[in-house]
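Given next are the chains, with one letter for each unit.
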Amino acid sequence: MFKTILVPTDGSSLSDKAINAAIEFAQLVSGKLVALSVAEPYPFSPLHESASAIEATNYDEQMRARAQQIVDKVALIAKEANVPCETCVALSFSPYEEIIRTAKKYECDAVFMASHGRKGLNKLFLGSETQKVLAHSTIPVLVYR
């Protein structure tokens, strides 16, 4: 049965659906959550023309702090529901890889996550982190739309 559930979140209202479902499920099975938020690092090399190393460092710190706020919110909701919850923040250009890595690290049994449901060219060009998780995960993935 699913006892350790990974809940990757970007802080969106759609992610909230997956969070709430994961908490309800964890209550039913006496399970626990692992809340993950992946922050995107500074998109330019500090050696680039006008970018500075200080800008990159500040940006990364702000993104990590925002990601921490997001998972802290999950932990608070889980605590109110008497569900144990660990939090994890990662800095990566590849969120799906961090999701897969975190699931393995915490020995998760399932992933509950949202999909923004991009279609057509948006999906083709932007890709879908959810699609990538589905393609690479060795554990069940429950997708909320």
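All of the points below concern the structure found in this document. This structure is a prediction, so every number in the text was calculated from the model and none was measured. (Residues numbered from 1 in each chain as written. Predicted model: local features only at pLDDT ≥ 70, side-chain atom pairs only at ≥ 80, totals over all residues. Heavy atoms only, no water.)

### Some details on helix α3 (residues 95–105)
Every buried residue of α3 is listed here: Y96, E98, I99, I100, T102 and A103. Elements in contact with the buried residues of α3: β1 (4–8), β2 (32–39), β3 (85–91), β4 (110–114) and α5 (129–136). One or two residues past the end of α3 sits E107, with phi positive at roughly 50°. (Buried < 20%, exposed > 50% of the residue type's maximum accessible area, 1.4 Å probe, protein only. Helix = DSSP H or I, 4+ residues; strand = E, 2+ residues; numbered from the N terminus. Contact = heavy atoms within 4.5 Å.)

### So, the sheet that holds β1
Taken together, five strands build an open sheet; the order of strands is β3-β2-β1-β4-β5 and the sheet is parallel. Two strands in the sheet have a free side with no partner beyond their single neighbour: β3 and β5 (141–144). Taking the axes of each pair of neighbouring strands and ignoring which way they run, one obtains an average angle of 20° across the sheet. When β1 meets β4, the two strands line up parallel, connected through two bridges. Note that in β4 the partner of L6 across the bridge is V111. Along the sheet, helix α1 (residues 13–29) makes contact with β1, β2, β4 and β5, crossing β4 at roughly 150°. The sheet strands contacting α3 are β1, β2, β3 and β4, and the helix crosses β2 at an angle near 155°. (Pairing = 2+ DSSP bridges. Axes fitted to C-alpha atoms, helices over the stretch in contact; angles between N-to-C directions.)

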